[in-house]
Amino acid sequence: MKRSTSTTPPLPKYPKMAPGLTHDSLSSQSLDMVAAGPVDGGDYTTFLSDVVVVGAGPSGLMLADNLVRFGIKTRIIDNRADRTSTGRADGIQPKSIETLRQMRLADPLLRKGVKIYDIAFWKSTSQKSMHRTGREIHYPPIVDLLDPYILLVHQGMVEDIFIDDLSERGVHVERSTAFVDMAYTPQKLRPLTINCTYGDHTKKSYGARYLVGCDGAHSMVRRQIPNSRPVGASSDAVWGVLDGVLDTNFPDIWSKVVVHSDMLGSVLMIPRERNMTRLYIELKPGSVETTLKERHTQEFVQKRAQEIMHPYRVEWTSVEWFGRYQIGQRVAAKFTDADQTVFIAGDASHTHSPKAAQGMNTSMHDSWNLAWKMNLAVRGLAKPCLLQTYEQERKKIAEDLINFDYEHANAFAAGDPTALAANFAKNVAFISGYGVCYDANVLNVATQQQMLGSLQPGYLLPPAKVTRFIDANPVDIQTDIPALGQFRIYLFARNVHTAMPFLETISSMHQSQTTYVGRVTAASNASHTVQPPLAAPHDQFVCPERYTPVSGMFTYALVTDMNRDDIEISQLPPVLRESRWTFYIDDVAAQDTRKQTCLDKWLGGLVGDEVAVLNVRPDGYVGTLRRWADGSRESGLKAVQWMDDYYSQFLSDV
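Residues numbered from 1 in each chain as written. Predicted model: local features only at pLDDT ≥ 70, side-chain atom pairs only at ≥ 80, totals over all residues. Heavy atoms only, no water.

The protein chain carries the name FAD monooxygenase-like protein in an unreviewed UniProt entry, which gives Melanomma pulvis-pyrius CBS 109.77 as its organism.

Draft legend 1. Structural detail: the sheet that holds strand β3 (residues 51–54). The strand order across the open sheet formed by 4 strands is β4-β3-β13-β19, and the pairing between neighbours is parallel. Each end of this open sheet is capped by a strand with a single partner; those strands are β4 (74–77) and β19 (342–344). Strand-to-strand twist across the sheet, computed as the mean angle between neighbouring axes with direction ignored, equals 15 degrees. Relative to β4, β3 runs parallel, the two being bridged by 4 bridges. Paired with V52 across the strands is R75, a residue of β4. Contacts from helix α2 (residues 58–70) reach β3, β4 and β13 (210–213), with the element oriented near 160 degrees to β4. Sitting on the sheet, helix α8 (residues 359–378) is in contact with β3, β13 and β19, with an inclination near 170 degrees to β13. (Pairing = 2+ DSSP bridges. Helix = DSSP H or I, 4+ residues; strand = E, 2+ residues; numbered from the N terminus. Axes fitted to C-alpha atoms, helices over the stretch in contact; angles between N-to-C directions. Contact = heavy atoms within 4.5 Å.)

Draft legend 2. Focus on the packing of aromatic side chains. According to the stated counting rule, one finds 25 aromatic pairs in the structure shown. Ring plane angle 85 degrees and centroid distance 6.3 Å describe the contact between Y280 and Y325, whose orientation is recorded as edge-to-face. Of this pair, Y280 sits in strand β17 (residues 277–283) while Y325 sits in strand β18 (residues 314–332), and the two are 45 residues apart along the sequence. In terms of burial, Y280 and Y325 fall into one category: buried. When the ring of F492 is compared with that of W602, the centres are 6.3 Å apart and the planes differ by 75 degrees; the resulting orientation is edge-to-face. Of this pair, F492 sits in strand β23 (residues 487–493) while W602 is found in helix α16 (residues 598–603), placing the two residues 110 residues apart along the sequence. Its relative accessible area of 0% is what places W602 among the buried residues. Feature note: the residues W372, F487, F554, Y556, Y646, Y647 and F650 constitute an aromatic cluster, connected by ring pairs. We note R546 situated over the ring of W581; from NZ or CZ to the ring centre the distance is 3.6 Å. Just above the ring of F469 sits the side chain of R564; from NZ or CZ to the centre is 5.2 Å. (Phe/Tyr/Trp six-rings, centres within 6.5 Å; stacked < 30°, edge-to-face > 60°. Buried < 20%, exposed > 50% of the residue type's maximum accessible area, 1.4 Å probe, protein only. Lys NZ or Arg CZ within 6 Å of the ring centre and 35° of its normal.)

Draft legend 3. Structural view of empty space enclosed by the protein. Throughout the structure, instances matching the rule amount to 8 cavities of 30 Å³ or more. R69, R169, A483, L484 and D539 are, among the 16 residues lining the largest cavity, the residues nearest its centre. Secondary-structure elements contributing two or more residues to the lining of the largest cavity are α2 and α14 (539–542). Here the residues of the lining of the largest cavity sort into 10 nonpolar, 2 polar and 4 charged. A volume near 120 Å³ is recorded for the second largest cavity. Lining the second largest cavity are 15 residues, with N361, T362, H365, G433 and V436 sitting closest to its centre. For the lining of the second largest cavity, the secondary structure elements donating two or more residues are α3 (94–102), α8, α9 (384–414) and α10 (417–432). Split into classes, the residues belonging to the lining of the second largest cavity amount to 5 nonpolar, 8 polar and 2 charged. (1 Å grid on protein atoms, 1.4 Å probe; cavity = no way out; pocket = protein on both sides within 12 Å on 5 of 7 lines; lining within 4 Å. Points joined across faces, edges and corners; volume = space filled by probe spheres on them. Nonpolar A, V, L, I, M, F, W, Y, C, P; charged D, E, K, R; others polar.)

Encoded structure:
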């Protein structure tokens, strides 16, 4: 059958939340769901959803909030009666800050959190009392970071930003609801039946396409995946954790501090919001009293901390949270079932020590990776291989984390500041999140060309500063476009006028159904018409429609180092003219972290009439990139074919 050559239908505007409009009423428009309410399920009352998320911690909430924003009918259940109010995880790494910036959710945490820029090392021996052995910059300049610090806030504050955002979109966590089990059904539109019980033992059942367990180290969902048991080991070491306000004469209380006593063990001290300090206290084995868990009371742990910190005075004016844990370093053998319908993320798929502030961050990025892939799968816009990349990519990261954590925990326990600093220096990029990289697969495709700059498939975009053409605002190009579940296609040219044939070819071909990218755009726009993104009142300030004016699948951006006075938006071809909010001038190198232009940092520069195209995944990782010697129509046609070849590997155009 000959395909139509008609142009792509325009993408509908983001809907504004009207009074009384709920997630159920929007999502019931889905082509794929036959109902959006309770149905008769025998002993269970059955509800239909696209995705059911079990667990309302940071991982589950990150996943649910993104899916809901994308317009996917999502239910999130949790067996707890209320949200996290104190304790648990507390460190937000630079990459997580960037991710929250892309979601436009970072500001509340940045206002309230404590920023840590340095680490102090202290030690005591039988010959010498407690003394400082050195200081280190937490994130040295070797790592190119927009936010070169760790942000300290307790886990509940992170959860709150997601819960509040979900609430504004008409979605709430279904609490006191415990996952029981699940069964596969022959129904194509909802192949899973997920059974739960409410707090009063009322039985609930959810019909869904996908189930995701974000329900912690003792995950019940993980048990539904054959051969997914955690693999690893536990340490005998027991640690106590205290959050509270200190009265102390210790001089480095507002730095991150590693303290080691040869006789008594170690303490990790971390400043926290609201004038609090967190202490991780090692309960070193070797005596009767420290091997009996019943003696590991709050009072005992406080006394041990005071003994380790001697001769400095450490008293608590208040204690907000106390806990104990043993280090377990494990990774689940499988992150998904054979049918790619049941998944696990966060602590359900990996556990490790908390002292490097990786757990909450890695867990949220599991969900960050999965959410956009599941969005496209629900919409029928993904080939099966796309969801398969979730386990491939995130299991590797979990294993990398366990390997780092094993070395880090051993160096910490040994109280060797040199080994600890060396371990941190070796892994600092990974710790920050910016060093997390994915291996080659259908999404991460290297070309034979040598790109001389810092961009590599499977790696994150480094920070770069540019001027947004339309309003002359200097912006961070890697975060200026909000995360809406879309790919980003960046076009680079030093002279837009000489590159116009190249740009016009891509613009016209991508609006035509003669190309794979054009057909994907048409399919995506049709899907978003039936099942639109779910808006919240505060989206009026984000204005997401600015970034998807022609396609729900792709945001187009143009970057040039021309003088702003030498080009007008009206001179651009239609796709780029409509994408006026993502036209950038590369003229603010002085504001960059490395004092480089975007073209130099990202591409190693462009020579003469060279043009380049960069495809960026919805989660901000480089997919593939290539350059051409000139901006001719012939080069443009080759670029169109190259992009068709890339996207046809994992996206569906029907």
